[in-house]
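# Structure at a glance
One-letter residues, chain by chain:
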Amino acid sequence: MAGAGVVLTVVLWVLGVSGVVRAEDPYLFFTWNVTYGTIAPLGVPQQGILINGQFPGPNINSTTNNNIVINVFNNLDEPLLFTWNGIQHRKNSWFDGVAGTNCPILPGTNFTYHFQVKDQIGSFFYFPSLGMHKAAGGFGGLRVNSRLLIPVPFDPPADDYTVLLGDWYTKDHTALEKTLDSGSSIGLPAGVLINGKPGKDCDGKDDAPMFEMEAGKVYRYRICNVGIKTSLNFRFQGHAMELVEMDGSHTMQNLYESLDIHVGQCFSVLVTADQTPGDYYIVASSRFLKHKELTATAVVRYAGSSTAPSPVLPKAPTSWAWSFNQWRSFRWNLTASAARPNPQGSYHYGSINITRTIRLSSSRNFVAGRLRYALNGVSHVDTETPLKLAEYFGFGGNYFMYDIAGDELLTAAAPIKLLPSVKTIEYRTFVEIIFENSEKAVQGYHLDGYSFFLVGMGPGKWSPEARKTYNMLDAVSRHAVHVFPKSWSAILMTFDNVGMWNLRSELWERRYLGQQLYISVQSPVRSLRDEYSLPDAALLCGAIASLPKPPPYT
């Protein structure tokens, strides 16, 4: 089992726990102590968020259908939540870990997350979701391996490595929050990190090798962009990368010299150690930043090597059109045996009729002298009582109104409303969502609780004619979508997972300032068939803190 903080890993053959999980599925137990600690990844001492003293945090190594139980002790001086990027929480938004679904873990207290990686495989990550915590650390890899009875479309690698890429600011997260609260932008990052390191020490010397390979063997690298603002290009000096998985889905196995990985996305590649034994760099560099390119490196060493890597780094591409063309090459591997993330059969998405189209556009403006971002004219504001809990206790109407943000675009000049933003979508309907970007920078979005099919992208404004360009056969099922400048992206999906789910900008500055909303998917009946009951251990806060819990589902 990889990663510190693992207290116990056992298989419990029990008769179910709180009706939440099947009896035969194994349990993985973790204890996390979350603290502040002084870190200096770019040479500037600053306050970071550590898990069991580690930055980045420990890896979670699980297998399809495992039950993951994580007891989090909050030793910070402020509330804390963790969210699990890409984990779908079937029927269980109670442990999604965002402000609209969960009460925060208060300082000096603990809370136990309990969720199942149901019918999933692939590479994901976790991070703290409140405020600008994500800019201070607290993130780590989360992998879901295929069960032994289900073959994967490639031979087992000699080793399996996690590579966490991200931009980095040298200011504490509290300073970044103050900057945003004052009405200003946080500006450009100071650098890029690979697994928490920039690749060079203060004397310009390489860090110790991060990974090791033996000549002739094949290795898996799980690469995630855990940053808060910047798209990154990843490449491997002297070696080709064979893409095998993306955001939890096996892909057609094309070869790439480099990959653009946008914020919130995870790719898995196979790398064959087929070069002259020596040291080689892996490189991550920023994409689409004005007048600036930030680069991080890490050393991969062939076993027994004493040859330094070449100082000539492979170059990154230079245009967003290159990235668009690369996206067009990504295809879902329809013949791979694996857990399917769409149990209602929507992986045959090309033959399902669209019942609703939602067009979402971002906007930015100043409200009372402070910068805000919005979706369809509404800049989301969190409530003291989490939206999901208010809805479950029957108090939703007291704290928010549904569907303030409509399904159609507003003009860029439309005033921004500061309100809780919750859209309702009918259970088990097949919906088309169009993300439109009128700005000059790449944007990105993530939807909790679901995977979807990124079927189309194009320049300009979307129109119904654009559907003729959709990939209606083998678009990759994934949970993150990027939108190029002055362009649109289209996704298709079945809303078959009951709960309250966060749709958010992956650019954390924008998300912090309101570019997010929640989607409420409710079953016509309160039934365990469709959603688990509120767990006994759930934290209660705000207006429902002292209220008795509603009767459980049956």
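For the structure itself, look to the data block above.
Residues numbered from 1 in each chain as written. Predicted model: local features only at pLDDT ≥ 70, side-chain atom pairs only at ≥ 80, totals over all residues. Heavy atoms only, no water.

## Points about the overall build of the protein chain
Looking only at helices and strands, the protein chain features five helices and 34 strands. Taking 2.2 N^0.38 as the reference for a compact globule, 554 residues should give roughly 24 Å; the C-alpha atoms of the protein chain span a radius of gyration of 22 Å, in line with that estimate. With the C-alpha coordinates aligned to their principal axes, the bounding extent of the protein chain is approximately 65 × 55 × 50 Å. By residue count, 59% of the 554 residues in the protein chain fall in the buried class. Summarising the internal contacts of the protein chain: among those between residues at least 6 apart in sequence, 77% fall at separations of at least 24. (Helix = DSSP H or I, 4+ residues; strand = E, 2+ residues; numbered from the N terminus. Rg over C-alpha atoms; globule rule 2.2 N^0.38 Å. Buried < 20%, exposed > 50% of the residue type's maximum accessible area, 1.4 Å probe, protein only. Contact = heavy atoms within 4.5 Å.)

## Quick notes on the state of the cysteines
All chains considered together, the criterion is met by two disulfides. A sulfur-sulfur separation of 2.1 Å characterises the disulfide bridge that pairs Cys103 with Cys541. Disulfide Cys103 to Cys541: torsion about the S-S bond roughly -85°, handedness left-handed. Of this pair, Cys103 sits in the loop between strand E6 (82–85) and strand E7 (110–116) while Cys541 sits in the segment after strand E34 (516–521), and the two are 438 residues apart along the sequence. For the pair Cys103 and Cys541, a shared accessibility class is recorded, and that class is buried. Across the disulfide from Cys224 sits Cys266; the S-S distance is 2.1 Å. An S-S torsion of about 115° defines the bridge between Cys224 and Cys266 as right-handed. Within this pair, whereas Cys224 is found in strand E13 (residues 218–225), its partner Cys266 is found in strand E19 (residues 266–272), the two being separated by 42 residues in sequence. Accessibility classification places Cys224 together with Cys266 in one group, the buried group. Cysteine pairing in the protein chain follows 1-4, 2-3, where each cysteine in a disulfide is numbered by its order in the sequence. (Disulfide = S-S within 2.5 Å.)

## Digging into the nonpolar core
Counting residues in each nonpolar core, the largest one holds 76 residues, and the members touching the most others are Tyr221 and Phe495. Once residues lying within four places of it in the same chain are set aside, the contact partners of Phe495 are Ile425, Glu426, Tyr427, Arg428, Thr429, Val431, Ile433, Leu447, Tyr450, Ile519 and Val521. (Core = buried A, V, L, I, M, F, W, Y, C linked by side-chain atoms within 4.5 Å.)

## Examining the sheet that holds E34
Spatially, the five strands line up as an open sheet ordered E26-E34-E33-E28-E31, and their pairing is mixed. Each having just a single partner strand, strand E26 (422–424) and strand E31 (480–483) make up the two edges of the open sheet. Put simply, the sheet's adjacent strands are angled 20° from each other on average, direction ignored. (Pairing = 2+ DSSP bridges. Axes fitted to C-alpha atoms, helices over the stretch in contact; angles between N-to-C directions.)

## Points about the sheet that holds strand E8 (residues 122–128)
Taken together, four strands build an open sheet; the order of strands is E4-E9-E8-E6 and the sheet is mixed. The open sheet has two edge strands with one neighbour each: strand E4 (60–63) and E6. Pairs of neighbouring strands in the sheet enclose a mean axial angle of 25°, with direction left out of account. Alignment of E4 against strand E9 (residues 140–145), held across four bridges, turns out to be parallel. Each bridged residue has a counterpart across the sheet, and for Ile60 the counterpart in E9 is Leu142.

## With respect to helix H1 (residues 173–181)
Along H1, the positions that sit buried rather than exposed are His173, Leu176, Glu177 and Leu180. Down the axis, H1 shows its buried residues gathered within 100° of arc, on one side only. Contacts made by the buried residues of H1 are with strand E2 (27–39), strand E3 (46–51) and helix H5 (508–512). Following H1 by one or two positions, Gly183 adopts a phi angle in the positive range, close to 105°. (Arc of directions from axis to C-beta.)

## Quick notes on the packing of aromatic side chains
The full count for this structure, using the stated rule, is 36 aromatic pairs. Measuring from centroid to centroid gives 6.0 Å for Trp32 and Trp84, while their planes differ by 45°, and the two rings are tilted. Of the two residues, Trp32 is situated in strand E2 and Trp84 in strand E6; the sequence distance between them amounts to 52 residues. With a relative accessible area of 0%, Trp32 lands in the buried category. Overall, Trp84 belongs to the buried group, its relative accessible area being 0%. Directly above the aromatic system of Trp508 lies the positively charged group of Lys134, at a separation of 4.9 Å from the ring centroid. The ring of Trp94 is capped by Lys388, whose NZ or CZ atom sits 4.8 Å from the centre of that ring. (Phe/Tyr/Trp six-rings, centres within 6.5 Å; stacked < 30°, edge-to-face > 60°. Lys NZ or Arg CZ within 6 Å of the ring centre and 35° of its normal.)

## Re the side chain of Asn497
Within the secondary structure, Asn497 is located in the loop between strand E32 (487–494) and strand E33 (499–505). For Asn497, the side chain forms a polar contact with the main-chain nitrogen of Lys91, separated by 2.6 Å. For Asn497, the residues in contact, after removing those within four places along its chain, are Gln88, His89, Arg90, Lys91, Tyr427, Gly449, Tyr450 and Val521. (Polar contact = N/O pair within 3.5 Å; in protein donor to acceptor, adjacent residues only side chain to side chain.)

## Some details on helix H2 (residues 320–328)
Among the residues of H2, those classed as buried are Ser323, Phe324, Gln326 and Trp327. Looking down the long axis of H2, one finds its buried residues gathered within 160° of arc, a one-sided arrangement. Where the residues of H2 are buried, they touch strand E17 (255–256), strand E18 (258–261), strand E20 (279–287), strand E29 (452–459), strand E30 (477–478) and E31.

## Concerning the side chain of Gln120
Relative to the helices and strands, Gln120 resides in the loop between E7 and E8. A polar atom in the side chain of Gln120 sits 2.9 Å from the backbone oxygen of Gly86. A polar contact is formed between the side chain of Gln120 and the backbone nitrogen of Gln88, at a distance of 2.9 Å.

## With respect to empty space enclosed by the protein
Under the defined criterion, the tally for this structure stands at eight cavities of 30 Å³ or more. Space inside the largest cavity adds up to approximately 100 Å³. For the largest cavity, the lining is made up of 15 residues, of which Phe139, Gly166, Asp167, Trp168 and Val226 are closest to its centre. Split into classes, the residues belonging to the lining of the largest cavity amount to nine nonpolar, four polar and two charged. (1 Å grid on protein atoms, 1.4 Å probe; cavity = no way out; pocket = protein on both sides within 12 Å on 5 of 7 lines; lining within 4 Å. Points joined across faces, edges and corners; volume = space filled by probe spheres on them. Nonpolar A, V, L, I, M, F, W, Y, C, P; charged D, E, K, R; others polar.)

## Section: the pattern of salt bridges
What the rule picks out here adds up to 19 salt bridges. Lys388 serves as the salt-bridge partner of Glu531, at 2.7 Å between the closest nitrogen and oxygen. Residue Glu531 is located in the segment after E34, and its partner Lys388 is located in helix H3 (residues 387–392); the two are separated by 143 residues in the primary sequence. Across the pair, exposure class does not vary: Glu531 and Lys388 are buried alike. Glu465 is paired through a salt bridge with Lys468; the nearest N and O atoms lie 2.9 Å apart. Here Glu465 matches Lys468 in class, with each residue exposed. A cluster of three or more residues bridged by salt bridges with shared partners is formed by Arg143, Asp160 and Arg222. (Salt bridge = Lys/Arg side-chain N within 4 Å of Asp/Glu carboxyl O.)

Everything listed here is a matter of coordinates, which is why it stays silent on function.
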